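Residues per chain are reported as follows:
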Amino acid sequence: MPSADTMSKGKSWAEQVDEGDEGVLPPNTEEYDEKKGVKKITEYKYNEEGKIVKTVKTYRIETIKVSKSIAQRKTWKKFGAAERDPPGPNPANTILSEEIFMQFVNSSEQKQADEEDDPLGKLKNQKIVSCRICKGDHWTTKCPYKDTLAPLQEKLTEDQRKPEVPPPSTAAAKSTGGKYVPPSMRDGAAKGRGESMSSQRKDEAATIRVTNLSEDTRESDLQELFRPFGPISRIYLAKDKVTGQSKGFAFINFHRREDAARAIAGVSGFGYDHLILNVEWAKPSGQQ
DNA sequence: GTTGAGCGA
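The rules we used
Residues numbered from 1 in each chain as written. Chains lettered and ligands numbered in written order. Predicted model: local features only at pLDDT ≥ 70, side-chain atom pairs only at ≥ 80, totals over all residues. Heavy atoms only, no water. Helix = DSSP H or I, 4+ residues; strand = E, 2+ residues; numbered from the N terminus. Buried < 20%, exposed > 50% of the residue type's maximum accessible area, 1.4 Å probe, protein only. Polar contact = N/O pair within 3.5 Å; in protein donor to acceptor, adjacent residues only side chain to side chain. Contact = heavy atoms within 4.5 Å. Pairing = 2+ DSSP bridges. Axes fitted to C-alpha atoms, helices over the stretch in contact; angles between N-to-C directions. Near = heavy atom within 4 Å. Nonpolar A, V, L, I, M, F, W, Y, C, P; charged D, E, K, R; others polar. Salt bridge = Lys/Arg side-chain N within 4 Å of Asp/Glu carboxyl O. Core = buried A, V, L, I, M, F, W, Y, C linked by side-chain atoms within 4.5 Å.

Enquirer: Just to check I follow, could you spell out the side chain of Thr140 for this structure?
Expert: With respect to the helices and strands, Thr140 occurs in the loop between helix H4 (119-126) and helix H5 (149-161). You can call Thr140 buried: its relative accessible area is 19%. Separated by 3.3 Å, the side chain of Thr140 and the backbone nitrogen of Arg132 make a polar contact. Aside from chain neighbours lying at most four places away, what touches Thr140 is Cys131, Arg132, Ile133 and Lys146.

Right, dumping it as structure tokens:
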């Protein structure tokens, strides 16, 4: 924070210059207050009009703990335009700005301290994800009620937005607002269905994982292989996104868990192509 | 041995 002022003792520097003192520049001084960690540099020079200007610059010398490898950089040789500069920062092109506080996300020490100081903050951190549908502790897209509750909520807000709409004449449209609504969620049918479900979606309980597939197995092959055990709702064959190359495993969703169980018993150890298939229950992906 | 892909708040 350099500041310039003129000498206040007696006559001003300008006056002294006028009186013919030109050429006598007081020596520059540099003092360091170790207690305050402040370095003060006083400089005298002529400005464009040939007048002497006193400049006082104060620097706060900060002691910052840095790792050895970073401290090492201080010993690097200066180069380019600064090649001949003396060691340390050059006040002509280096300033100290205001303090900047950094938060190190990966510091385990810091994290621990935070959690100890502020158990509330810890809780807050964990509750970053809140479902927009049921306020649960998961992403909205993972909500077990997203197929039942969400359409109902949509319908509600829609009704609020345009309450002036005259009621449609047909009986079917009367209760649904003109949109198709599956029977399972018409007028109170939603009750008693959502409650019995745990946090998992129904079909996810019937997912099996098939591994040790030969890389030329296709989804249709899996379809044929598992269809005898019962209706399949979804098949996913893991492939490389770029090359399309099969990764050698797949997920099969059955409608019924018991079908999936029979599929495991029936296909596990089954020789398919030149390999022996391995079939197990699939663990849910992600952090559900 | 090998557990998906995507979207955020």
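Enquirer: When you look at the sheet that holds strand S5 (residues 207-211) in this model, what are you seeing that I'm missing?
Expert: Two pairing modes exist for strands in a sheet, parallel and antiparallel, and in both the strands are linked by backbone hydrogen bonds. Sheet architecture is open: four strands sit in the order S6-S7-S5-S10, paired in antiparallel fashion. The sheet is open, and its two edges are formed by strand S6 (232-239) and strand S10 (278-281), each paired on a single side. Between one strand and the next, the sheet's axes are offset by a mean angle of 20 degrees, whatever the strand orientation. In this sheet, strand S7 (residues 246-254) lies alongside S5 in antiparallel orientation, the contact comprising five bridges. Within S7, the residue paired with Thr211 across the bridge is Phe249. Across the face of the sheet, helix H7 (residues 219-226) comes into contact with S5, S6, S7 and S10 while running at roughly 140 degrees to S6. On the sheet, helix H8 (residues 257-267) packs against S5, S7 and S10 and is oriented at approximately 150 degrees with respect to S10.

Enquirer: Sorry if this is basic, but what is going on with the protein's contact with DNA strand B here?
Expert: Neighbouring DNA strand B are 17 residues, the closest being Ser130, Trp139, Thr140, Arg209 and Lys241. In DNA strand B, atoms within 4 Å of the protein come 28% from sugar and phosphate. Between DNA strand B and Arg132 there is a distance of 3.5 Å, counted from a base nitrogen to a side-chain nitrogen or oxygen. Trp139 places a polar side-chain atom, nitrogen or oxygen, 2.9 Å from a base nitrogen of DNA strand B. Every element with two or more residues in the surface near DNA strand B is listed here: S5, S6 and S7. Looking at the surface near DNA strand B residue by residue, the class counts come to four nonpolar, six polar and seven charged.

Enquirer: Teacher, can you tell me more about the pattern of salt bridges here?
Expert: It is possible for side chains bearing opposite charge to pair when their charged atoms get close. Counting across every chain of the model gives seven salt bridges. With a shortest N-O distance of 3.5 Å, Glu43 and Lys57 are connected by a salt bridge. Here Lys57 lies in strand S4 (residues 52-60) and Glu43 lies in strand S3 (residues 38-46), a separation of 14 residues in the sequence. Residue classification places Lys57 among the buried residues on the basis of a relative accessible area of 15%. As a salt-bridge pair, Asp221 and Arg218 come within 3.6 Å of each other at their nearest N and O atoms. For Asp221, a relative accessible area of 15% corresponds to the buried category. According to the relative accessible area criterion, Arg218 is exposed, its value standing at 53%. Counted as one network, the salt bridges with shared partners bring together Arg256, Asp259 and Arg262.

Enquirer: Honestly, unusual backbone geometry in this entry has me stumped. Any pointers?
Expert: Residues other than glycine predominantly adopt negative phi, and peptide bonds predominantly adopt the trans conformation. In this structure, Lys135 takes a positive phi of about 65 degrees despite not being glycine. Counting through the fold element by element, Lys135 comes out in the loop between H4 and H5. Although it is not a glycine, Asn212 adopts a positive phi angle of roughly 65 degrees. With respect to the helices and strands, the residue Asn212 is situated in the loop between S5 and H7.

Enquirer: Explain the pairing of S4 to me, please; I cannot follow it from the model alone.
Expert: The side chains of a regular strand alternate, first on one face of the sheet and then on the other. The pairing of S3 with S4 spans nine bridges and is antiparallel. Bridged to Glu43 within S4 is Thr55. The loop that links S3 with its antiparallel partner S4 comprises five residues; one of these, Gly50, has a positive phi angle of about 80 degrees.

Enquirer: Just to check I follow, could you spell out the nonpolar core for this structure?
Expert: Grouped burial of nonpolar side chains is what soluble globular proteins tend to show. Within the largest apolar cluster, 21 residues are counted, with the highest numbers of intra-cluster contacts made by Ile208, Leu222, Phe226, Ile252 and Phe254. At the level of elements, S5, H7, S6, S7 and H8 are the ones that each hand at least two residues to this core. The element contributing the most residues to this core is H8, with four residues. Residue contacts for Ile208: discarding those within four places in its chain leaves Phe226, Ala250, Phe251, Ile252, Phe254, Ala260, Ala263, Ile264, Val279, Glu280, Trp281 and Ala282.

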